Amino acid sequence: MKLALYARVSTEEQLNGYSIEIQVDKLTQYAKLNDYEYEIFTDEGYSAKDLNRPYIKILLERLKNNEFDGIAIHKLDRLTRSVRDLQNIVDYMDLNNLKLISLNESFDNTTANG
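How each quantity is defined
- Residue positions within a chain follow its written sequence, with the count starting from 1.
- The model is predicted, so local features are restricted to residues of pLDDT at least 70 and side-chain atom pairs to those at 80 or more, both for listing and for counting; the totals for chains, interfaces and linings are taken over all residues.
- Values shown for side chains rest on all heavy atoms present in the structure; no hydrogens or waters enter the calculation.
- The rule is simple: take the accessible area with a 1.4 Å probe, protein chains only, and divide by the maximum for that residue type; under 20% is buried, over 50% is exposed, in between is partly exposed.
- For helices the rule is a DSSP run of H or I covering at least 4 residues; for strands it is a run of E covering at least 2, with both sets numbered from the N terminus onward.
- The arc in question is the one traced by the directions running from the helix axis out to the C-beta atoms.
- Contacts between residues were defined by any pair of non-hydrogen atoms, one from each residue, lying within 4.5 Å.
- The term polar contact refers here to a pair of N or O atoms within 3.5 Å; inside protein, the definition further demands a hydrogen-donor-capable atom paired with an acceptor-capable atom, and it admits residues adjacent in sequence only when both atoms are side-chain atoms.
- At least two DSSP bridges between two strands are required for those strands to pair.
- Lines are fitted to the C-alpha atoms to define the axes, a helix being fitted only along its stretch in contact, and any angle between axes, read from their N-to-C directions, falls within 0 to 180 degrees.

1. Quick look at helix α3 (residues 54–64)
What sets the pattern is the α-helix's 3.6 residues per turn: residues three or four places apart point alike. Of the residues making up α3, those classed as buried are Ile 56, Leu 59, Leu 60 and Leu 63. The arc enclosing the buried residues of α3, seen along the axis, measures out at 95°, which places them on a common side. Those residues of α3 that are buried lie in contact with β1 (2–9), β2 (37–44), β3 (70–73), α4 (76–79) and α5 (83–95). Asn 66 occupies a position one or two residues after α3 and carries a positive phi of about 60°.

Structure (structure tokens):
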């Protein structure tokens, strides 16, 4: 399985010590522990209010080109804080049998109860 590992911080979060490096470290540990191939995408200094971020756009386009089997994130709010954007991403992933993995939330888009 090949995962896109996504990490993001806004400018405010950077000041509070919630770094890209910490997120990437945890995500890569997860991928290595599970013997997954991976590629890292980071958007530093961007809000999650929408998907208007350079590397999330690239990640989602490559996901649509079948380059990944899923996305792993540290927390859902790293991906987006927009319920509409999250629903669109989850719907697309469900239709295409892709995994969305959050390291800090019990979230499983592969089951009805997840």
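2. Focus: the environment of Arg 53
Here Arg 53 shows up in the loop between β2 and α3. Sequence-wise, Arg 53 and Arg 8 are 45 residues apart; in three dimensions their C-alpha atoms are separated by 9.6 Å. Setting aside residues up to four positions removed in sequence, Arg 53 forms contacts with Tyr 6, Arg 8, Asp 43, Tyr 46, Ser 47, Ala 48, Arg 78, Leu 79 and Thr 80. Of the polar contacts made by the side chain of Arg 53, one reaches the backbone oxygen of Ser 47; its length is 3.3 Å.

3. Here's the deal with the sheet that holds β2
The strand order β2-β1-β3-β4 describes an open sheet built from four strands, whose pairing is parallel. Edge positions in the open sheet fall to β2 and β4 (99–102), since each of these has one partner strand only. Strand-to-strand twist in this sheet, taken as the mean axis angle between neighbours without regard to direction, amounts to 20°. Both β1 and β3 contribute to a ladder of four bridges, which runs parallel. Bridging across to β3, Ala 4 finds its partner in Ile 71. With respect to the sheet, α3 is in contact with β1, β2 and β3, its orientation differing from that of β2 by roughly 150°. Running over the sheet, α5 touches β3 and β4 and is turned about 130° from β4.

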